[in-house]
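# Observations on the three-dimensional arrangement
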Amino acid sequence: GAGVSQSPRYKVAKRGQDVALRCDPISGHVSLFWYQQALGQGPEFLTYFQNEAQLDKSGLPSDRFFAERPEGSVSTLKIQRTQKEDSAVYLCASSLDGVNTEAFFGQGTRLTVV
Amino acid sequence: DQQVKQNSPSLSVQEGRISILNCDYTNSMFDYFLWYKKYPAEGPTFLISISSIKDKNEDGRFTVFLNKSAKHLSLHIVPSQPGDSAVYFCAASDGVNYGGSQGNLIFGKGTKLSVKP
């Protein structure tokens, strides 16, 4: 596709519900990142994939957060037993392989846990 | 402990004048810096970047300056236009390369720029 696509754009979940957020990166982009952006803050790193390999998940806030990219393209971020503090915009970004390349962001999924 | 700091949450500038957005960082391992622009309800859009081997990079109305000794970078927009009104994020690469690919980006909290006609 022309850009990074994320779905859904908005998600309201009841506390305790599981959610799945989808990211379609730019075709051919090897690297894929997930970020969490709380209100009034900058994006904070969650996890990184190089193709299908999850090379860094140090930013995932708890074991309720799980991400996968099984075929090295589409990625899903899953949050189990959502809590109110999970409310944020979840941003996906992709980039070409190689150092010092810019990451292109999707529009994000705004998750509200009620 | 924030590694990338944007100490001005907001900046207001008159159209046609220069906008200067500042960013400080603490990690000397950072070797690549980027500026992103974000409109409401959209994802951040890449604006301009600079490698640590340079001290200046220019692209049209946008220039980024890097002062490594001071661990400081700034984005200059000249002349400023009303369409530049947005939140600007400074980001840095943490220098960790996964088999040659770039590591994750660490962002500041952003500066909201308002350019008044």
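For the structure, check the block above.
The shown structure was predicted, so the numbers you read here are calculated from the model rather than taken from an experiment. Per-chain numbering applies: the sequence of each chain, read as written, is numbered from 1 onward. Think of it this way: whatever chain is written first is A, whatever ligand is written first is 1, and the rest follow in order. Local features in a predicted model are, by the rule used here, given only for residues with pLDDT of at least 70; side-chain atom pairs are given and counted only at 80 or more, and totals for whole chains, interfaces and linings are based on all residues. By convention in this description, side-chain values take in all heavy atoms of the structure and omit both hydrogens and water.

### Here we look at the packing of aromatic side chains
- In this scheme Phe, Tyr and Trp rings, the latter by its six-membered ring, pair at centre separations within 6.5 Å, and the angle between planes marks the pair as stacked below 30 degrees, edge-to-face above 60, and tilted otherwise. All chains considered together, the criterion is met by 14 aromatic pairs over all chains.
- Arranged with centres 6.4 Å apart and planes meeting at 90°, the rings of Phe30 of chain B and Phe33 of chain B form a pair that is edge-to-face. Side by side, Phe30 of chain B and Phe33 of chain B carry an identical accessibility label, which is buried.
- Look at Tyr36 of chain B and Phe46 of chain B: their rings are 5.9 Å apart centre to centre, the planes differ by 75°, and that puts the pair in the edge-to-face class. One end of the pair, Tyr36 of chain B, is in strand E4 (residues 32-38); the other, Phe46 of chain B, is in strand E5 (residues 45-51), and ten residues separate them in sequence.
- For every residue, the accessible area obtained with a 1.4 Å probe (protein chains only) is divided by the maximum for its type, and the residue is called buried under 20%, exposed over 50%, and partly exposed between those limits. Overall, the relative accessible area of 22% leaves Phe46 of chain B in the partly exposed class.
- Put simply, the rings of Phe33, Tyr35, Phe45, Tyr48 and Phe105 of chain A together with Tyr36, Phe46, Phe89 and Phe107 of chain B touch in pairs and so form one group of aromatic residues. Segments assigned H or I by DSSP are reported as helices when at least four residues long, segments assigned E as strands when at least two residues long, and all are numbered from the N terminus.

### Here's the deal with the layout of surface pockets
- In this structure, the largest pocket encloses a volume near 560 Å³.
- A 1.4 Å probe that fits into a set of points on a 1 Å grid over the protein atoms alone but cannot get out defines a cavity; an open set with protein on both sides within 12 Å along at least five of seven lines defines a pocket, and lining residues are those with an atom within 4 Å of a point. Gln37, Leu39 and Arg110 of chain A together with Lys38 and Ala41 of chain B are the residues nearest the centre of the largest pocket, which is lined by 27 residues in total.
- Grid points are joined across faces, edges and corners, and a volume is the space filled by probe spheres set on the points. There is about 310 Å³ of room inside the second largest pocket.
- Residue lining of the second largest pocket: 14 residues in total, with Pro43, Glu44 and Phe45 of chain A together with Ile106 and Phe107 of chain B positioned closest to the centre.
- Contributions of two or more residues to the lining of the second largest pocket are made by strand E5 (44-50) of chain A together with strand E10 (105-107) of chain B.
- When residues in the lining of the second largest pocket are grouped by element, the largest group, three residues, is from E10 of chain B.
- Residue polarity is assigned by list, with Asp, Glu, Lys and Arg as charged and Ala, Val, Leu, Ile, Met, Phe, Trp, Tyr, Cys and Pro as nonpolar; anything else, Gly included, falls into the polar class. Of the residues contributing to the lining of the second largest pocket, the split by class is five nonpolar, six polar and three charged.

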